[in-house]
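Chain and residue survey
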Amino acid sequence: PLHSAFALARSAAAMRISRMKKAEGLLDLARGMVCPREEAQRLRKADAGTLASSLPERSALSYIERNIAVCCLMQGRHTDAAKAAAAAVELLPTNSSALFIQGCCYEERQSLDSAGECYRRSVALDPDFKLPY
């Protein structure tokens, strides 16, 4: 199910420019394939002992949440984008693109110190990711 969920999220990312509603539907379906919403909430609050055992699910959900954040940003829904980016980072703190998106959301709200911190963390995790520069 995780591979299928990831593949659906990739397909959604490829179509979001031309078919946003369909992309959002696929992302929601992908999220449900990983685990029920209640389980996703539990994974976001996992302790250190659960982190390793839930890494595949957390990684897939983080990728899906990041893509949801991008869809929201593309539609000017900055509050929803900020929530999805925060969820992506909470699920997988090493998700550099989610950190970048979170920084964009902070910048949109004029929280420049927080935006800068997100951009710095994003670059530290992936120095080849050029957008935060």
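This structure is a prediction, so every number in the text was calculated from the model and none was measured.

1. A few points about the overall build of the protein chain
A count of helices and strands for the protein chain gives 8 helices and 0 strands. If you line up the protein chain on its principal axes, its C-alpha atoms span 40 × 40 × 25 Å. Counting all 133 residues of the protein chain, 44% fall into the buried class. In the protein chain, 55% of the contacts between residues at least 6 apart in sequence involve partners at least 24 apart. The centroid of the 18 positive side-chain charges in the protein chain is displaced by 5 Å from the centroid of its 15 negative side-chain charges.

2. Comments concerning the packing of helix α5 (residues 55-74) against helix α7 (residues 96-108)
Relative placement of two packed helices is described by the angle separating their axes and the distance separating the axes. Two numbers describe how α5 lies on α7: the axes approach to 10 Å, and their chain directions differ by 30°. Taken together, the axis directions place α5 and α7 in an arrangement best described as roughly parallel. Of the two elements, α5 crosses α7, and the hand of that crossing is left-handed. For the pair formed by α5 and α7, the contact residues are Arg-66, Ala-69, Val-70 and Leu-73 on the first element and Ser-97, Ala-98, Ile-101 and Cys-105 on the second. Class assignment of the residues belonging to the contact of α5 with α7 gives a composition of 6 nonpolar, 1 polar and 1 charged.

3. Here's the deal with the pattern of salt bridges
Overall, the coordinates contain 6 salt bridges when judged by the stated rule. A salt bridge links Arg-77 to Glu-24; its shortest N-O distance comes to 3.0 Å. Here Arg-77, found in the loop between α5 and α6 (78-91), pairs with Glu-24, found in helix α2 (residues 20-34); they are 53 residues apart in sequence, far enough to count as distant. Take Arg-77: its relative accessible area is 31%, and that puts it in the partly exposed class. As a salt-bridge pair, Arg-31 and Glu-65 come within 2.8 Å of each other at their nearest N and O atoms.

4. Some details on the environment of Val-70
Following the sequence through the fold, Val-70 ends up in helix α5. The exposure class assigned to Val-70 is buried, which follows from its relative accessible area of 16%. Taking C-alpha positions, Val-70 is 20 Å from Val-34, a pair spaced 36 residues apart along the chain.

5. Points about unusual backbone geometry
In the Ramachandran plot, Gln-110 falls in the positive-phi region, its phi being about 65° despite a non-glycine side chain. When you line up the elements, Gln-110 lands in the loop between α7 and α8 (112-125).

6. Quick word on the nonpolar core
Counting 34 residues, the largest nonpolar core has Leu-27, Val-34, Cys-35, Leu-61, Ile-64, Ile-68 and Ile-101 as the members making the most contacts within it. If you list the elements that add at least two residues to this core, you get α1 (2-15), α2, α3 (37-44), α5, α6, α7 and α8. Take this core: its biggest share by element is 9 residues, from α5. Not counting residues up to four positions away in its chain, the partners in contact with Ile-68 are Leu-27, Arg-31 and Ala-84.

7. Considerations on the packing of α5 against α6
α6 packs onto α5 with a crossing angle of 165° between their chain directions and a minimal axis gap of 8 Å. Regarding the angle of α5 to α6, the classification is roughly antiparallel. Our pair here, α5 against α6, has a crossing hand that is left-handed. Contacts from Arg-58, Leu-61, Ser-62, Glu-65, Arg-66, Ile-68, Ala-69, Cys-72 and Leu-73 in α5 reach His-78, Asp-80, Ala-81, Ala-84, Ala-85, Ala-87, Ala-88, Glu-90 and Leu-91 in α6. In the contact of α5 with α6, the residues fall into 11 nonpolar, 2 polar and 5 charged.

Reading the values: rules and limits
Residues numbered from 1 in each chain as written. Predicted model: local features only at pLDDT ≥ 70, side-chain atom pairs only at ≥ 80, totals over all residues. Heavy atoms only, no water. Helix = DSSP H or I, 4+ residues; strand = E, 2+ residues; numbered from the N terminus. Buried < 20%, exposed > 50% of the residue type's maximum accessible area, 1.4 Å probe, protein only. Contact = heavy atoms within 4.5 Å. Lys, Arg positive; Asp, Glu negative; His and termini not counted. Charge placed at Lys NZ, Arg CZ, Asp CG, Glu CD. Axes fitted to C-alpha atoms, helices over the stretch in contact; angles between N-to-C directions. Parallel < 35°, antiparallel > 145°, perpendicular 65-115°, else oblique. Left-handed = near helix turned anticlockwise from the far one by under 90°. Nonpolar A, V, L, I, M, F, W, Y, C, P; charged D, E, K, R; others polar. Salt bridge = Lys/Arg side-chain N within 4 Å of Asp/Glu carboxyl O. Core = buried A, V, L, I, M, F, W, Y, C linked by side-chain atoms within 4.5 Å.

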